[in-house]
Amino acid sequence: SGVLNQSAGTVATATLTINDGGTFTQSGTGELITTNTTLGAGANLTLVNQGAGAIDGAAAQQGALIFAGDYETDSAIGDTNGLASATINDGATLSLSKNLEANAVNVGGGTSGVVNHSAGTLASATLTINNGGTFTQSGSGVINATNINIGNGTLTLANSGTGLINGSAAGTGSLNIAGEYD
């Protein structure tokens, strides 16, 4: 395991591997441009700034990806092996137009956090929209989840998908249907 903190400049490489237990954290103006980024078991990748490249687990359901700033997908995330988790922090917006597969997807940390899902498939065992979180589906985006939990947040669906939708507690969460949903 190792730690890399990137506060400025560009890391540009064809392949970046964050080994088991390793951590790569962006802050400031750092930018990550890769063709492929691979996360090992217990590895963490925190992105603050827009970058480029596919991100995936080294094996099934490995690695944690944290969006701590605004990010627009240009490549699939977890498309081959999936990630253990993907988290969109308070104050961050993920514009999801490619596939994302993670065992757990968490939107917001209690006050905000936004996913705008316009295309691709989000595949997850558990999608959680925490208090203050917003998940808005549009275009051709599809959610295939086993469980979708909504805290005091909002889920807007425009397309059919799969998953049991529940409030995280009685009387919590807002579900809006903005299209045809079966």
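Everything numeric in this text was worked out from a predicted model, so none of it was measured.

S.K.: Can you walk me through the packing of aromatic side chains in this structure?
M.R.: The relative placement of two aromatic rings is captured by the distance of their centres and the angle of their planes. Scanning all chains against the criterion turns up one aromatic pair. Relative to tyrosine 71, the ring of phenylalanine 67 lies with its centre 5.2 Å away and its plane at 50°, an arrangement referred to as tilted. A relative accessible area of 0% places phenylalanine 67 in the buried class. For tyrosine 71, a relative accessible area of 6% puts it in the buried group.

S.K.: Looking at this structure, how should I read the sheet that holds strand β4 (residues 31-39)?
M.R.: Paired through their backbone hydrogen bonds, the strands of a sheet run either parallel or antiparallel. If you walk across this open sheet you meet the three strands as β2-β4-β6, and the pairing is parallel. Among the strands making up the open sheet, the edge pair consists of β2 (10-18) and β6 (52-57). The mean inter-strand angle of the sheet, taken between neighbouring strand axes irrespective of direction, is 15°. The sheet contact formed by β4 and β6 spans five bridges and is parallel. Across the sheet, the residue bridging to threonine 38 is aspartate 56, located in β6.

S.K.: Explain the sheet that holds strand β15 (residues 142-150) here, please?
M.R.: Pairing within the open sheet is parallel, and its nine strands lie in the order β1-β3-β5-β7-β9-β11-β13-β15-β17. Edge positions in the sheet fall to β1 (3-6) and β17 (162-167), since each of these pairs with one other strand and no more. Averaged over neighbouring strand pairs, the angle between their axes works out to 15° when direction is ignored. Relative to β17, β15 runs parallel, the two sharing five bridges. By the bridge assignment for β17, asparagine 149 is matched with asparagine 166.

S.K.: Please explain empty space enclosed by the protein as it appears in this structure.
M.R.: For the structure shown, the criterion picks out one cavity of 30 Å³ or more. In this structure, the largest cavity spans a volume of roughly 30 Å³. Elements represented by at least two residues in the lining of the largest cavity include exactly β4 and β6. For the lining of the largest cavity, a count of residues per class yields four nonpolar, three polar and no charged.

S.K.: Would you explain unusual backbone geometry in this entry?
M.R.: Leaving glycine out, the prevailing phi sign among residues is negative, and the prevailing peptide bond configuration is trans. In this model, glutamine 61 sits at a positive phi of 55°, which is unusual for a non-glycine residue. Topologically, glutamine 61 is positioned in the loop between β6 and β7 (64-67).

Procedures and definitions
- Residues numbered from 1 in each chain as written.
- Predicted model: local features only at pLDDT ≥ 70, side-chain atom pairs only at ≥ 80, totals over all residues.
- Heavy atoms only, no water.
- Phe/Tyr/Trp six-rings, centres within 6.5 Å; stacked < 30°, edge-to-face > 60°.
- Buried < 20%, exposed > 50% of the residue type's maximum accessible area, 1.4 Å probe, protein only.
- Pairing = 2+ DSSP bridges.
- Helix = DSSP H or I, 4+ residues; strand = E, 2+ residues; numbered from the N terminus.
- Axes fitted to C-alpha atoms, helices over the stretch in contact; angles between N-to-C directions.
- 1 Å grid on protein atoms, 1.4 Å probe; cavity = no way out; pocket = protein on both sides within 12 Å on 5 of 7 lines; lining within 4 Å.
- Points joined across faces, edges and corners; volume = space filled by probe spheres on them.
- Nonpolar A, V, L, I, M, F, W, Y, C, P; charged D, E, K, R; others polar.

Everything listed is a geometric property; what it means functionally is a separate question.
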